[in-house]
Every structure is written in C-alpha cells, then in structure tokens.
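Working through the structure, step by step
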Amino acid sequence: MPRIPYPDLTKLEPKVQKMLAGTPINVVRMAAHASPIIFEAGGLMGYGISDPANLDPRVRETVILRVAYISNSKYELYQHLSIALAAGLTPEEISAIGAVKYDQLNPLLATVARFTDDVVANVSPSDENLAALRALVSDRVLVNITMTIGQYMNVARLIAVTGPELDDQALQHLAKDIDDQAR
C-alpha cells in the first residue's frame with residue numbers, strides 16, 4: 001500500500017488525465033497530486049532528460065542509477081535497471097555503478113558517477129570532480145547532468161514520501177533478481 005492514496009483520476013483536470021495516460025506508471029500517477037503546472041513541468045523535464053540529443057543514454061542512466069542507489073530508492077532503481085540495459089549499459093557496468101567500483105567503468109562513466117555522488121552528498125562538487133567532468137564533456141552536458149541529478153533526487157523523494165508500489169515491470173525484474181540470488 002502506498003503511504004498516501006493515488007489521486008482519483010476522474011477528479012483530475014483533463015490536461016493532467018491526458019498527460020497521465022501517456023506514462024501511467026505509479027510514480028507518475030502519484031505525481032498527479034501536484035498542481036497541473038508543476039505536474040506538466042516535471043513531465044517536460046523528464047522528456048527532456050530522456051532525449052538522447054540532450055544527454056547520452058548511458059550517461060543519463062549512470063546518473064539515475066547512482067541517485068537511486070544513494071537515495072535507497074528501490075522503486076527508482078528497479079524502474080531504471082531495464083532502462084539502463086536498453087540504453088546500452090552492460091550488467092557488469094550496472095553492477096560496478098551500484099557497488100561504487102568505478103575503476104571497472106570507462107573514464108567518462110566513472111567521472112559521471114563520482115560527480116553524481118559528490119553533488120548528491122555535498123550539493124557543490126569539489127573543484128577536482130568538476131574539472132574532471134569538464135575535461136570530458138561540454139558545459140551544456142555538465143549542466144544537463146546536474147539537472148538530471150536534481151530531477152531524480154526529486155523523484156526519489158516523491159517516492160519516499162508517497163510510497164507508490166513497484167509497477168508490474170519492476171516487480172517482474174525484482175522477482176527475477178530474487179530468483180537469481182536463490183540459485
């Protein structure tokens with residue numbers, strides 16, 4: 001059971017109902033409690049982050065997985081494990097991201113993971129981590145990475161406060177993980 005109930009879809013504004021129909025996962029359903037302009041802005045930010053023209057999918061998913069691990073957000077993590085694989089991260093890279101074994105990642109992904117950790121923990125990254133990332137990406141990409149960190153920290157907190165259940169796809173992935181661990 002969620003910590004707060006999902007909104008009554010029939011009582012939502014038509015614009016919100018239409019947006020929700022496009023992404024009917026539980027965290028988005030829960031976010032529909034927000035005022036329509038905040039709900040729409042969050043959706044636009046999510047679509048912008050997911051556009052490969054704005055952020056390489058492997059970089060994006062490295063950021064999201066690190067935020068999910070640091071935030072202990074099982075929902076966010078399980079939603080993004082399959083997305084990370086589809087984005088081209090290997091199971092070994094995903095494991096290294098989760099285990100903080102950045103020496104097993106290529107230099108870009110390792111630097112992105114360290115930068116994400118630093119921003120989540122300290123808000124302002126060290127000069128060293130900032131310089132390391134700037135040496136590998138444009139300032140536009142750096143800002144997109146930073147905004148992705150913030151967006152997924154926001155999502156992790158929404159999940160922690162409201163407690164949506166894992167969606168069916170995430171539940172199937174969790175069941176597979178449990179089955180694999182039992183072997």
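Summary of the structure given here. Please read these numbers as outputs of a predicted model, since none were measured by experiment.

Definitions and limits used
Residues numbered from 1 in each chain as written. Predicted model: local features only at pLDDT ≥ 70, side-chain atom pairs only at ≥ 80, totals over all residues. Heavy atoms only, no water. Helix = DSSP H or I, 4+ residues; strand = E, 2+ residues; numbered from the N terminus. Rg over C-alpha atoms; globule rule 2.2 N^0.38 Å. Buried < 20%, exposed > 50% of the residue type's maximum accessible area, 1.4 Å probe, protein only. Axes fitted to C-alpha atoms, helices over the stretch in contact; angles between N-to-C directions. Parallel < 35°, antiparallel > 145°, perpendicular 65-115°, else oblique. Left-handed = near helix turned anticlockwise from the far one by under 90°. Contact = heavy atoms within 4.5 Å. Nonpolar A, V, L, I, M, F, W, Y, C, P; charged D, E, K, R; others polar. Salt bridge = Lys/Arg side-chain N within 4 Å of Asp/Glu carboxyl O. 1 Å grid on protein atoms, 1.4 Å probe; cavity = no way out; pocket = protein on both sides within 12 Å on 5 of 7 lines; lining within 4 Å. Points joined across faces, edges and corners; volume = space filled by probe spheres on them. Expected span 1.5 Å × (residues − 1). Polar contact = N/O pair within 3.5 Å; in protein donor to acceptor, adjacent residues only side chain to side chain.

A word on the overall build of the protein chain. From N to C terminus, the protein chain includes ten helices and zero strands. Listed N to C, the secondary structure of the protein chain is α-α-α-α-α-α-α-α-α-α in terms of helices and strands. In terms of overall dimensions, the protein chain is globule-like: its C-alpha atoms have a radius of gyration of 17 Å, near the 16 Å expected for 183 residues. For the protein chain, the spread of C-alpha atoms along the three principal axes comes to 50 × 45 × 30 Å. Per-residue burial for the protein chain yields a buried fraction of 40% across its 183 residues.

The next subject is the packing of helix H4 (residues 57-70) against helix H7 (residues 107-122). The geometry of H4 relative to H7 is characterised by a closest axis approach of 9 Å and an angle of 40 degrees between their N-to-C directions. By the angle between their axes, H4 is oblique relative to H7. Between H4 and H7 lies a crossing whose hand is right-handed. The segment H4 lies against H7, with Arg 58, Val 59, Thr 62, Val 63, Arg 66, Val 67 and Ile 70 engaging Leu 108, Leu 109, Val 112, Ala 113, Thr 116, Asp 117 and Val 120. Among the residues making up the contact of H4 with H7, the classes are represented as nine nonpolar, two polar and three charged.

The next thing to look at is the packing of helix H5 (residues 74-86) against helix H9 (residues 139-162). Two elements in contact, H5 and H9, have axes whose closest approach is 8 Å; the angle formed by their N-to-C orientations is 125 degrees. Considered as vectors, H5 and H9 are oriented oblique to each other. The residues of H9 that touch H5, namely those facing Tyr 75, Glu 76 and His 80, are Tyr 152, Val 155, Ala 156 and Ile 159. Classifying every residue of the contact of H5 with H9 by side-chain character gives five nonpolar, one polar and one charged.

Turning to the pattern of salt bridges, a few remarks are in order. Applying the stated rule across the entire model yields five salt bridges. A salt bridge links Lys 15 to Glu 40, with the nearest nitrogen and oxygen atoms 2.9 Å apart. Pair noted here: Lys 15 is in helix H1 (residues 14-22) and Glu 40 is in helix H3 (residues 36-50), with a separation of 25 residues, a long-range link. Judged by relative accessible area, which is 46%, Lys 15 ranks as partly exposed.

Turning our eyes to something else, we now look at the layout of surface pockets. Computed from the structure, the largest pocket encloses a volume of approximately 950 Å³. Lining the largest pocket are 32 residues, and of these Thr 23, Ile 25, Val 28, Gly 46 and Tyr 152 lie nearest its centre. Those elements giving two or more residues to the lining of the largest pocket turn out to be helix H2 (26-31), H3, H4, H5 and H9. Ranked by residue count, the leading element in the lining of the largest pocket is H3, at nine residues. Looking at the lining of the largest pocket residue by residue, the class counts come to 17 nonpolar, eleven polar and four charged.

Next up on the list: H7. Every α-helix carries 3.6 residues per turn, so stepping three or four residues along brings you back to the same face. Here H7 is 16 residues long and its end C-alpha atoms lie 22 Å apart, about the 22 Å a rise of 1.5 Å per residue gives. For H7, every residue scored as buried is listed here: Leu 109, Ala 110, Thr 111, Val 112, Ala 113, Phe 115, Thr 116, Asp 117, Asp 118, Val 119 and Val 120. Buried-residue contacts for H7 involve H4, helix H6 (91-99), helix H8 (127-134) and H9. Capping the start of H7 is the job of one residue whose side-chain oxygen sits 3.0 Å from the backbone nitrogen of Leu 108: Asn 106.

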